[in-house]
Amino acid sequence: MARFVLNKNMKIIAYPAFKTKYKNPYNWLLYTNMLQQGVIVEEFSPNKLLSKKYDIFHLHWVVETIVRHPNPFIVWIRAISMLILIDWVKSTGTRIIWTMHDETPHSILHLQVADWFQKEFVKRIDGYISLSTTGKTIAEQMLLPLKNKPCSIVPHGHYRDFYPNQITESQARKELNIPDNCKMLLFFGYIETYKNVPHLINVFRELAPSNWILVIAGKLERDHLKTEILSASENDYRIKLFLDYIPDNLVQLYFKAAELVILPFKEILNSGSALLALSFDRPILAPYLGSMPELQSQVGKDWMKLYTGELTTKTLNEGLIWSRQQKSHKSPSLDKLDWDILSKKSLDFYRLTNR
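Residues numbered from 1 in each chain as written. Predicted model: local features only at pLDDT ≥ 70, side-chain atom pairs only at ≥ 80, totals over all residues. Heavy atoms only, no water.

1. Quick notes on the overall build of the protein chain
Thinking step 1. In terms of helices and strands, the protein chain carries 14 helices and 12 strands.
Thinking step 2. For 355 residues, the compact-globule estimate of 2.2 N^0.38 gives 20 Å, and the protein chain sits close to it at 21 Å.
Thinking step 3. Taken along its principal axes, the extent of the C-alpha atoms in the protein chain is 65 × 45 × 35 Å.
Thinking step 4. Of all 355 residues assigned to the protein chain, the portion counted as buried reaches 54%.
Thinking step 5. For the protein chain, the distance from the average site of its 44 positive side-chain charges to the average site of its 35 negative ones is 4 Å. (Helix = DSSP H or I, 4+ residues; strand = E, 2+ residues; numbered from the N terminus. Rg over C-alpha atoms; globule rule 2.2 N^0.38 Å. Buried < 20%, exposed > 50% of the residue type's maximum accessible area, 1.4 Å probe, protein only. Lys, Arg positive; Asp, Glu negative; His and termini not counted. Charge placed at Lys NZ, Arg CZ, Asp CG, Glu CD.)

Written out as structure tokens, the structure is:
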């Protein structure tokens with residue numbers, strides 16, 4: 001099998017590559033930076049895989065997307081078809097790379113199919129990327145075949161150069177109608193069950209911190225969550241709900257107005273929301289789970305406060321007090337999370353798997 005000599009000889013097809021930019025620009029940023037280094041990157045489609053020759057087939061969130069359809073028969077067809085495609089391209093010399101983003105796929109409708117597909121998929125990969133050392137350890141404990149697979153640690157990148165960031169804090173607070181005498185606690189991002197938003201609202205209301213406003217901003221991923229969130233909020237004036245997709249140009253409003261960003265998740269391995277908050281120089285209160293301790297060790301305890309167990313009034317109160325004490329004039333150090341660096345590390349790993 002031919003080896004890569006120069007970047008320009010490398011052809012990559014990714015699942016997904018660019019099309020999920022509107023929801024999470026992670027892949028778009030990764031592969032756009034690869035393009036700037038002279039490689040070819042294309043969006044996945046079965047027709048492309050069958051008609052063209054690629055050096056690398058790189059997959060993300062494959063289990064979640066394959067088994068997302070409500071019809072179990074269609075899910076089985078999709079799962080089997082993907083495995084057949086993988087077997088075909090492997091026979092032509094294409095290397096299969098997987099990035100493991102989460103400890104377990106979230107909100108799975110068909111657990112039996114998901115479990116079977118993931119086991120069969122992992123057998124076929126030629127290497128995998130973990131976003132953290134913790135993720136690698138967890139992956140090898142959960143999926144034993146990964147112990148014998150090449151792995152590279154390529155962290156989640158920051159978002160400093162992606163979202164607009166021109167508005168002032170006072171302008172942002174005015175736009176969101178945050179009173180001058182109040183501080184703002186922010187939950188931001190797509191709202192899934194595991195992110196524990198109704199519980200956050202209940203804890204906030206029980207604590208009833210003086211002069212604090214809780215803002216929940218993000219699109220609902222499950223219909224039932226709207227009922228739960230509205231029920232928990234009970235039209236409390238201290239809670240502002242923006243339960244819809246937040247356009248890129250408005251993301252800055254929420255972070256620039258916030259005093260503290262909270263991640264009340266029940267489970268977490270890696271978090272784009274954490275990197276987004278740090279990209280806007282906002283401190284974070286998060287659970288001591290997954291790769292959060294690794295991220296804290298990188299950016300420092302001035303920017304991340306971690307708590308153990310489920311969020312309580314005590315841990316929330318401690319977080320609010322802590323946030324008022326954080327008045328650093330410096331930004332968190334995110335230089336090692338530049339996408340230029342991370343794309344190069346990914347390309348280096350591609351070459352390694354092709355030796």
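After that view of the structure, there is still more to cover.
2. Description of a nonpolar patch on the surface
Thinking step 1. Taken together, the side chains of W76, I80, I84 and W116 make up a nonpolar region of the molecular surface, amounting to roughly 360 Å² of accessible area.
Thinking step 2. Here the nonpolar patch takes three residues from helix α4 (residues 72-91), the largest share from any one element.
Thinking step 3. Turning to its location among the elements, I80 is positioned in helix α4. (Patch = residues over 30% accessible without salt bridge, like charges linked within 9 Å, V, L, I, M, F, W, Y side chains within 5 Å. Areas by Shrake-Rupley, 256 points an atom, 1.4 Å probe, with all protein chains shown as cover. Salt bridge = Lys/Arg side-chain N within 4 Å of Asp/Glu carboxyl O.)

3. Considerations on the packing of helix α11 (residues 272-279) against helix α12 (residues 292-299)
Thinking step 1. Direction vectors running N to C along α11 and α12 enclose 20 degrees, while the axes themselves pass 11 Å from each other. Relative to α12, the element α11 is oriented roughly parallel. Relative to α12, the crossing made by α11 is right-handed. On the side of α11, the interface is formed by A274, L275 and L278, while α12 contributes M292, L295 and V299.
Thinking step 2. Considered class by class, the residues forming the contact of α11 with α12 number six nonpolar, no polar and no charged. (Axes fitted to C-alpha atoms, helices over the stretch in contact; angles between N-to-C directions. Parallel < 35°, antiparallel > 145°, perpendicular 65-115°, else oblique. Left-handed = near helix turned anticlockwise from the far one by under 90°. Contact = heavy atoms within 4.5 Å. Nonpolar A, V, L, I, M, F, W, Y, C, P; charged D, E, K, R; others polar.)

4. Looking at the environment of T134
Thinking step 1. Among the structural elements, T134 can be located in helix α6 (residues 133-142).
Thinking step 2. With 149 residues separating them along the chain, T134 and P283 place their C-alpha atoms 22 Å apart.
Thinking step 3. If we skip the residues at most four places from it in the chain, T134 touches L269, G290, S291 and E294.

5. Section: the pairing of strand β2 (residues 40-43)
Thinking step 1. Strand direction decides the pairing type here: strand β1 (residues 11-15) and β2, joined by four bridges, are parallel. From the neighbouring strand, A14 faces β2, where its bridge partner is E43.
Thinking step 2. The handedness of the β1 to β2 crossover, carried by helix α1 (residues 26-35), is right-handed. (Pairing = 2+ DSSP bridges. Right-handed = clockwise from strand over helix to strand, strands pointing away.)

6. Some remarks on the sheet that holds strand β8 (residues 212-217)
Thinking step 1. Strand order in the open sheet formed by six strands is β9-β8-β7-β10-β11-β12, with parallel pairing between adjacent strands. Two strands bound the open sheet, and with one partner strand each, they are β9 (239-242) and β12 (304-307). Along the sheet, successive strands turn relative to each other by an average axial angle of 25 degrees, direction set aside.
Thinking step 2. Pairing of strand β7 (residues 183-188) with strand β10 (residues 260-262), which is carried by two bridges, proceeds in the parallel orientation. Among the inter-strand pairings, L185 is bridged to a residue of β10, identified as L260.
Thinking step 3. Of the strands in this sheet, β7, β10 and β11 (284-287) are in contact with α11, which crosses β11 at around 165 degrees.

7. Comments concerning the packing of aromatic side chains
Thinking step 1. Within this structure, the stated rule accounts for 17 aromatic pairs.
Thinking step 2. An angle of 75 degrees between the planes, with centres 6.4 Å apart, marks the rings of F18 and Y31 as edge-to-face. Remark: Y31 occurs in helix α1 and F18 occurs in the loop between β1 and α1; sequence separation between them is 13 residues.
Thinking step 3. Assessed through its relative accessible area of 22%, F18 is described here as partly exposed.
Thinking step 4. Chaining the aromatic ring pairs together yields one cluster made of F188, F242, Y254, F255 and F280.
Thinking step 5. For the cation-ring pair, K11 lies above Y54, with the distance from its terminal atom to the ring centre recorded as 5.3 Å. (Phe/Tyr/Trp six-rings, centres within 6.5 Å; stacked < 30°, edge-to-face > 60°. Lys NZ or Arg CZ within 6 Å of the ring centre and 35° of its normal.)

8. Considering the sheet that holds strand β5 (residues 127-130)
Thinking step 1. Strands sit in the order β2-β1-β3-β4-β5-β6 across an open sheet of six strands; the sheet is parallel. Since the sheet does not close on itself, it has two edges, and those belong to β2 and β6 (151-153), each with one partner. Taking each pair of neighbouring strands and ignoring which way they run, the sheet shows an average axis angle of 25 degrees.
Thinking step 2. Sheet contacts for α6: β4 (95-100), β5 and β6; angle to β5, the most-contacted strand, approximately 135 degrees.

9. Quick look at the pattern of salt bridges
Thinking step 1. Throughout the structure, instances matching the rule amount to 18 salt bridges.
Thinking step 2. A salt bridge links K136 to E140, with the nearest nitrogen and oxygen atoms 2.8 Å apart. Of this pair, K136 and E140 both sit in helix α6, separated by four residues, roughly a single helical turn.
Thinking step 3. On the basis of relative accessibility, which here comes to 27%, the residue K136 falls in the partly exposed class.
Thinking step 4. Taking the relative accessible area as the measure of exposure, E140 reaches 16% and is therefore buried.
Thinking step 5. Salt-bridge contacts for R205 lead to D236; the nearest nitrogen and oxygen are separated by 3.0 Å. Highlighted residues: R205 in helix α8 (residues 197-207) and D236 in the loop between α9 (223-233) and β9, separated in sequence by 31 residues.
Thinking step 6. Several salt bridges converge on common partners, so that one network encompasses D87, E120, K123 and R124.

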